[in-house]
Amino acid sequence: MPPTRGRRAAFTLIELLIVIVIIGILAGLLLPAISSSRAAARQLRCKNNIKQIALATIAFETTNGAFPPARLEPPLDARPPYDCGGVQPSWLVRIMPFIDRDSDFASWDLNAPYGDHPAEVRNRVVSTYICPERRSHGDAIAPSNSSREYFTMPCGCGAVRQITVHGGAVGDYAANHGDLSPGAVGGPDDFFLGGNGTGIIISSRAKCNGDTPINWVDVIRVADVLDGLSNTALVGELHVTPANLTKQPHNGPLFNGEDLAAFARVGGPGVPLARSPEDSPGAVLGFGSWHREVCMFAMGDGSVRAISNLIDTTTLGYLCNRADSL
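Residues numbered from 1 in each chain as written. Predicted model: local features only at pLDDT ≥ 70, side-chain atom pairs only at ≥ 80, totals over all residues. Heavy atoms only, no water.

**Structural notes on the overall build of the protein**
Each helix and strand in the protein was counted, giving five helices and 13 strands. Here the protein holds 326 residues, and the buried ones make up 45% of them. Taking contacts inside the protein between residues at least 6 apart in sequence as the whole, the part at least 24 apart equals 67%. Element-wise, carbon and sulfur atoms account for 56% of the exposed surface of the protein, whose accessible area totals about 16200 Å². (Helix = DSSP H or I, 4+ residues; strand = E, 2+ residues; numbered from the N terminus. Buried < 20%, exposed > 50% of the residue type's maximum accessible area, 1.4 Å probe, protein only. Contact = heavy atoms within 4.5 Å. Areas by Shrake-Rupley, 256 points an atom, 1.4 Å probe, with all protein chains shown as cover.)

**Thoughts on the environment of A175**
Turning to its location among the elements, A175 is positioned in strand β6 (residues 173–178). The class for A175 is buried, based on a relative accessible area of 0%. Between the C-alpha atom of A175 and that of A70, which follows or precedes it by 105 residues, the distance is 6.9 Å. Those residues in contact with A175, other than ones at most four positions away along the chain, are W91, I201, L234, F263, A264, R265 and F287.

**Details of the nonpolar core**
Within the largest apolar cluster, 54 residues are counted, with the highest numbers of intra-cluster contacts made by W91, L92, I95, Y129, F255 and F263. Within the residue set of this core, elements represented by two or more residues are α1 (13–64), α2 (91–94), β6, β8 (206–209), β10 (233–237), β11 (264–266) and β12 (294–299). By residue number, the principal contributor to this core is α1, which donates six residues. Those residues within four positions of L92 in sequence are excluded, and the remaining contacts are Y129, Y173, L254, F255 and F263. Counting 16 residues, the second-largest nonpolar core is a separate cluster that includes C295, I311, L316 and L319. (Core = buried A, V, L, I, M, F, W, Y, C linked by side-chain atoms within 4.5 Å.)

Read these as spatial facts, not as claims about activity.
Spelled out as structure tokens, the structure:
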């Protein structure tokens, strides 16, 4: 009997379609898992960044006997020797030596106006200050711009002036300046003026030698955090929508001490956490993240918490106020 010839194996059209469908189903199952894994990795990097910032700030307090001032800011009725400040670099410059950025720190003059520093210095992006969930180094610089500000002079007559804002690197983390309990109505007790903040890193009056600051006056020490370091926020993620990235006043240069919203935020009644990247809760000065359902905060003891975006504003206010006994 002659040997039989083997038949060549081949897929039918139906079998190929079944394989393609199976591959599509598997891809559909795997892609969300991969996306979720990448989001978790970015959130972990964000957590590590905010922890480094917190530990650097705590090291600053240990070295200097006080937490850094968010900025130097004169009171409403400024008189000597507290009548200077308002334009110097922010607290994020002061802690640079504690995050191994000594060479960058050496380029800054803490008593000189932010705008007097070269663009090369202002535009240096610090990776520790960037949340990978929100941006990369490539979109972390706010351009310089100018605007017209209308105001009322003591005579009661209107006037206008041109304001130039020097550009620079932006960031995604902000000091806890406290809550709105001091006020925000244009009075001498407003939270954003020197010495009035209820957080741990607050605006401080400067002690002046003429027009030059020589020290900050309103010091916050560990002993001043009456609610306990583990119960009080030190640093959190600042809120900015995708449409407002690198745009002032929502996301201005974080080293510019003149622009409080760029490096410090408040939370509590009237200022809730943003619930999504696109959320506009009504205040430029609020906290918020692009992570799913949570916002990262570092507490005064250096621990990091993922706070639910749904936290009620009363509880948020307790976390932001250093001495409300809660």
